[in-house]
Structures are given as structure tokens and as C-alpha cells.
Amino acid sequence: MPLRKWPVTALAVVATSCLTVTACTSGGGTTSGSTGAGGTGGASGNAVRGGTLNLLGSGDVGYMDPNSSYYSIGYLGLRMWSRQLFTYPAVAGQTTKAVPDLAQSMPTQGDGISADGKTYTIKIRSGAKWNTSPARQVTAADMVRGVKRSCNPIQPFGGLPDYESVIVGMQSFCDGFAKVAHTPSAIASYMDKTALPGVVAKDDLTVVFTLDNPASYFPDMLTLPAFSPAPKEWDAYLPTSPELAQHTLSDGPYQIESYTPTKNITFTRNPAWDAASDPVRKAYVDKIVINETVTQDSTQQQLQTGTPSADMEWDNFPPPSQLPALIAKKDPNLTIGPSASSNPYIVYNTVSPNANNALSNVQVRQAISYALNRTNLIQVLGGPNLNEALSHVLPSDIVGGEQNFDLYPYDPNKAKQMLAAAGFTSGLTLKMLYRNSSEGSSKVFQTAQQDLSKAGITVQGIPSPNADFYTKYLQVPSVAKRGVWDLAVAGWGADWYGNAALSFFNPLFIGPPSYPPSGSNFGLYDNPSTTATVSQAATAPTQQGAATLWAQADRKVMEDAPFFPITNPKQANYHASQVQNAVYVPAMQNYDPTNVWLTADKQGG
């Protein structure tokens, strides 16, 4: 998914966009699987209920709509009020192992999974309720509606390519949905009258998924917010609309009391929530307040100095320049863990009309890749101790197909020669989009600008607020086609864990099906040969056979140079000393707000 540092998204140190692998820390400040910080793990003392948890950041959720949200900070926000069939728990050592959430149990072969591996029958927990008046049970019909909404014509889920070709009839359903008028009544009518054969409510509490091919990763895929139930009441509003954002219904432990986009979000307890129906969220604090107007530096300062209204980060991370000192003193409130991401990376806009369509030429893109110095970029992101160099699509901790190779070792002279051969003897001028409120994103821009200048490439900066970066720029193909940007500092992480190579290719590199808004192929890269190899890998009968094909797909992508990968970073997070049980959950790139508590004498300001 896109990382907010990522997202994603930038990753831990970049503060751009998706996900990382397990690491955890206690509120007393211990870190498991960490680098340079913390102690041995575990929370300090007995859990304490009550108080207000304050989160500080400088950006907003992409959409206050579970079925369309596809951004790490959105996932963090959803944790409080939206539930899925399965999710990742805030339990040390288990944060990348899917567990039942709304589902009663994990399906297994013969108990929920058919003998041919194509049918999943899942029971929803009794007692999971919407905060309607009176409270109402979450049903299988709500689940079907939610999956249908994920390919709505307003803003479909960004990871739609992950499952659109997996679930029976999903492709046809979504193709038809894309043609529906952008009105609440037309959208509701289409969902009511159009069957989705691969997602059916067998009874009030049983939903049946039918797949075109066996997919061992399917339960992990069901952790995506696209598979959140949606109540009938939402039919009255356009998906992702401001009106819906003000009329949400919750099936989680908290409900949205107030929401002012880019300013603040306040969550209070949901009276319809029954702890017995939720094995994942403990909901220790009474209230959660998110301030979206605080800079990255100020967030860190307030968390370190004990400001009463500062407990956790929202979409900010420790500034990269401050990490060495925090690590050196073994700050107990710092967590650093491994990730499963490419974050950040520099995406090339292959359809930009700028510089005589230069970026449509693979030789020009390859030249840019030779001109970028990965070592320099890693240094400004916190250095090699925090950033594993990544020179291809799949990071080292993704299962299936990852191989280490580098087609573009730093060589500015070769870059100049290639540009000249492509007809750019006098160089060229390009525009780079970046998040100016993120220290990491800003430094990547500045460093890339300096590196590329040595090859005769002039780079002009296009700064963007965090909240606009994806929603107003990268997720809008017309913006790319107009040449508003040529290069962009983005980020990506696994949509799920384990056998997750698919989630690095389907949303990013399979041509038109992966174009925004349905996918996250921001530079509109398209090579039918790559798409065919990805399809073969996705349907390979064995994991070993799939791994071989994923490796081939990785090399094909890199030969076409649609992006420049930089690092598979370690994820850094920081919390105030009063925050206990701060277990890092990679899917949210943060600690789980529904499972931390505050020390009794520091219950929030």
C-alpha cells in the first residue's frame, strides 16, 4: 500500500506511504527486533483504563471511508472505528500474523476452505454491532456491500488489482460499476441490483467468497480495509464524500465525535461496542484526540519533553537527523524495526509531455537511474544502519521471488552518454513532487536534485502538503498526463504479510488495470510482457514456481526503469514516556491506539 512516509507513505524515517514487518516496544520503552534503542519488551505495570490519548501530526487520512482508504495513516485512523474479517494484532511477536476480528475463526482446509481451495466460508461474530439507534448487528449483507463499494466509481480502493482478478465476477462487477452515474441513488441501485457471484451472504452471519484460482494468501488479503462491512445507511452518501465523513457509523470501540479535515479528529467511546465481540482491541483510553496541525520537529519535541497533550505520533516520525542521537542514548521510547517496503522510491511519470516526452523513452529513464546516487540518498534518510539498500522491486523480507541485483550502479558519465544518445545533448529539465513537511522527503528531493545536476538534468521542486500528495496529485492520472510532475518521492509497502509478492506488482506495474484510482501505478507504466509474467506468477500452481516468475517480473520492471528504488528501511516510531504497551503494528506503521494505556498520573491534556 502507499506509505505515508510513506506513505505507505513514506516509511519510518521519510514520513511519506505502506507497511513493515514486526517490531514492538513497551510503554516503559522497550523494543523487540529493534536496532539501537530500547530494552527487552513488555509493558510497565498493570493496564490502566481512562484518560485522553493525544496524537500529533501534520497530515490527514486520505478518505474517511474504509472501503476506499488505502494509505497507512488512513489505516491507523480506521483502527479505532472500523473492523475487518481479519486483522493484525498488537501482540509482541505476532504483529504480522492475521487473526480473526469480525470473523469467528480463521478458515482452514475442510473448515471454512473448500477442498479445491477456491471457496471460503466465514462466520461473522454475533455481538459485533453498528452504533445505530438502536444498535444493530453487523451482518454478512453489510460485508457484501462493503466489498462492492470498494470498486465504486468515485474513488475505488487503490489496491483493487490485488483481488479484482481473484474473486469470481469481481472484474465484471467493477467494470460495470465504473460506468454508473456519480449519484448516491445510482450507486446504491447498482449495488442492490447487480450480483457479485464471488461474494455472497449465505445467511445473516455467513459470507461466502469464491475465487477463480486457489490463493493461499486470501485470508491475509481479507485484512485490507476494502473488506470492511458497510451499513445500508451509507447508501445515502457518495463514497469518500465530506458528507459521508460527517455521518460515519462505527463497529469498533470508538466513534468519530468530530472531524475537521486537515485539522483534527476526536474519537470517543462507542456505546454499541461489546468487548466480548472484539478479541483485538482493548480500548483502554476513554478518548483519542488527533491534532493534524503539528510539524514533524514540534511533534518530536513535545513527545520528548512531556507536553501533557502529546502522547504519540499521528503521521509524523522522528526526524532522520535526530535518529542517531536517539539511538546513541538508547532512548527507551524509540522503536526501530524491520520493514517490508520500498520506501521511499522515486517514481517516473512515463506519460509526462515535458521535455518532448522525455520520460516515455526507456533510455532516458535508465539514464536518470544511473545518475541517482543511492548511497547519498540513504545517507540523508538516516544512514545505512537504518536503511537497507534496495535496487529492485521486492524487498528482502517479502516471501517469494526476491533476488538481489542492481542494473543501475551510480555512473553520472554513463547517464550523460545515454541522454546524448537519446537526443538530449544539452540535458533536460524535470519537475519533482515531494512532501515539504517531511524532512526525509525534502532531503530526498534536494539530494536527487544535486545528483541529477551532475548529469546535466535540472530538477525543479513541486512541494505538496501531506494530505494532498496522493489524493490531489499521484492518484489523479490527468495530473500526470498534464505534466504537473515528472518525478515523485513516493513509498510502498506490502498489502499483507508472508506470500505477498503479488501486492508489489499488481497495484504498481500491470499497465492500465493498475492505473489510479483503482491502482497505484502513479507513473502509468505499461509493458504487456511484464503484465503477462505477473499474471503467470500469480496463478502458478506452486510457490517455488511462483518465486521463479516473480524474479523474472522483477527484472523486467527494472529493465524498463519506471522507478528508482532506494531503500527497504527500518521503521522508527517514538512515543511519550507515559504511553504503555506501545506495540508497533507494521500494517499501521505505528503503535495501536486501541491497545495502549496511559500511566495513572498522566492521563492526557
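Up top you'll find the structure we're talking about.
One structure accompanies this document, and this report is about it. (Residues numbered from 1 in each chain as written. Predicted model: local features only at pLDDT ≥ 70, side-chain atom pairs only at ≥ 80, totals over all residues. Heavy atoms only, no water.)

**Some points on the overall build of the chain**
Across its full length, the chain holds 19 helices and 29 strands. A compact globule built from 605 residues would reach a C-alpha radius of gyration of about 25 Å, and the chain, at 23 Å, matches this within 12%. By its C-alpha atoms, the chain is 70 × 55 × 45 Å across when sized along the principal axes. Looking at charge distribution, the chain has the averaged site of its 40 positive side-chain charges lying 1 Å from that of its 44 negative ones. (Helix = DSSP H or I, 4+ residues; strand = E, 2+ residues; numbered from the N terminus. Rg over C-alpha atoms; globule rule 2.2 N^0.38 Å. Lys, Arg positive; Asp, Glu negative; His and termini not counted. Charge placed at Lys NZ, Arg CZ, Asp CG, Glu CD.)

**Focus on the pairing of strand β14 (residues 264-269)**
In terms of strand pairing, strand β13 (residues 254-260) meets β14 through six bridges, oriented antiparallel. What sits directly across from Ile256, in β14, is Phe267. One ladder, built from five bridges, connects β14 with strand β15 (residues 287-291); its direction is antiparallel. What sits directly across from Phe267, in β15, is Ile288. (Pairing = 2+ DSSP bridges.)

**Comments concerning the pattern of salt bridges**
What the rule picks out here adds up to 17 salt bridges. For Lys232, the salt bridge is made with Asp192, and the minimal N-O distance between the two is 3.1 Å. Linking Lys232 in the loop between α6 (218-221) and α7 (242-245) with Asp192 in helix α5 (residues 184-193), this pair joins segments that are 40 residues apart in sequence. A relative accessible area of 40% places Lys232 in the partly exposed class. Each of Asp142, Arg145, Asp192, Lys232 and Asp235 takes part in salt bridges that share partners, so that together they form one network. (Salt bridge = Lys/Arg side-chain N within 4 Å of Asp/Glu carboxyl O. Buried < 20%, exposed > 50% of the residue type's maximum accessible area, 1.4 Å probe, protein only.)

**Quick word on the sheet that holds strand β3 (residues 52-56)**
Overall, mixed pairing links the five strands, which are arranged β13-β14-β15-β3-β16 in an open sheet. Of all strands in the sheet, those with a lone pairing partner are β13 and β16 (312-313), marking the two edges. Where β3 meets β16, two bridges bridge the pair, whose relative direction is parallel. In the sheet register, Leu56 faces β16, and the bridge partner there is Glu313.

**Describing helix α2 (residues 140-149)**
With nine of its ten residues buried, α2 lies for the most part within the structure. With a side-chain oxygen positioned 3.4 Å from the backbone nitrogen of Ala141, the residue opening α2 is Thr139. (Polar contact = N/O pair within 3.5 Å; in protein donor to acceptor, adjacent residues only side chain to side chain.)

**Observations concerning the side chain of Asp315**
Inspection of the secondary structure puts Asp315 in the loop between β16 and α9 (323-328). On the basis of relative accessible area, Asp315 is assigned to the buried category, the value being 1%. Of note is the side chain of Asp315, whose polar atom sits 3.0 Å from the backbone nitrogen of Gly59.

**Structural notes on the state of the cysteines**
For the structure on display, the rule yields one disulfide. Between Cys151 and Cys174 runs a disulfide, and the two sulfur atoms are separated by 2.4 Å. Classification of the bridge connecting Cys151 and Cys174 rests on its S-S torsion, roughly -95°, and on that basis the disulfide is left-handed. Highlighted residues: Cys151 in the loop between α2 and α3 (160-164) and Cys174 in helix α4 (residues 170-177), separated in sequence by 23 residues. Accessibility assignment for this pair places Cys151 and Cys174 in one class, buried. (Disulfide = S-S within 2.5 Å.)

**What about empty space enclosed by the protein?**
Size it by volume and the largest cavity reaches roughly 200 Å³. Looking at the largest cavity, it is lined by 16 residues, and the ones nearest its centre are Tyr75, Gln84, Thr87, Thr223 and Ala587. Approximately 100 Å³ is the volume attributed to the second largest cavity. Classifying every residue of the lining of the second largest cavity gives ten nonpolar, three polar and no charged. (1 Å grid on protein atoms, 1.4 Å probe; cavity = no way out; pocket = protein on both sides within 12 Å on 5 of 7 lines; lining within 4 Å. Points joined across faces, edges and corners; volume = space filled by probe spheres on them. Nonpolar A, V, L, I, M, F, W, Y, C, P; charged D, E, K, R; others polar.)

**Some words on the sheet that holds strand β21 (residues 457-464)**
The five strands are arranged β21-β20-β22-β18-β23 in an open sheet whose pairing can be described as mixed. Strands at the two margins of the open sheet, each flanked by one partner only, are β21 and β23 (563-565). With strand direction ignored, the average angle separating the axes of adjacent strands in the sheet is 30°. The strands that helix α17 (residues 502-509) touches are β18 (341-348), β22 (487-493) and β23; relative to β22, the one it contacts most, it runs at about 145°. (Axes fitted to C-alpha atoms, helices over the stretch in contact; angles between N-to-C directions. Contact = heavy atoms within 4.5 Å.)

**Points about the layout of surface pockets**
Estimates place the volume of the largest pocket at around 370 Å³. In terms of lining residues, the largest pocket is bounded by 20 residues, among which Val61, Gly62, Tyr63, Tyr259 and Pro261 are the most central. Counting residues per element, the ones that place at least two in the lining of the largest pocket are α7 and α15 (466-474). Here the element with the most residues in the lining of the largest pocket is α15; it accounts for four residues.

**Considering α15**
The complete set of buried residues in α15 reads Asn466, Ala467, Asp468, Phe469, Tyr470 and Leu474. Looking at the buried residues of α15, the elements they touch are β20 (428-435), β21 and β22.

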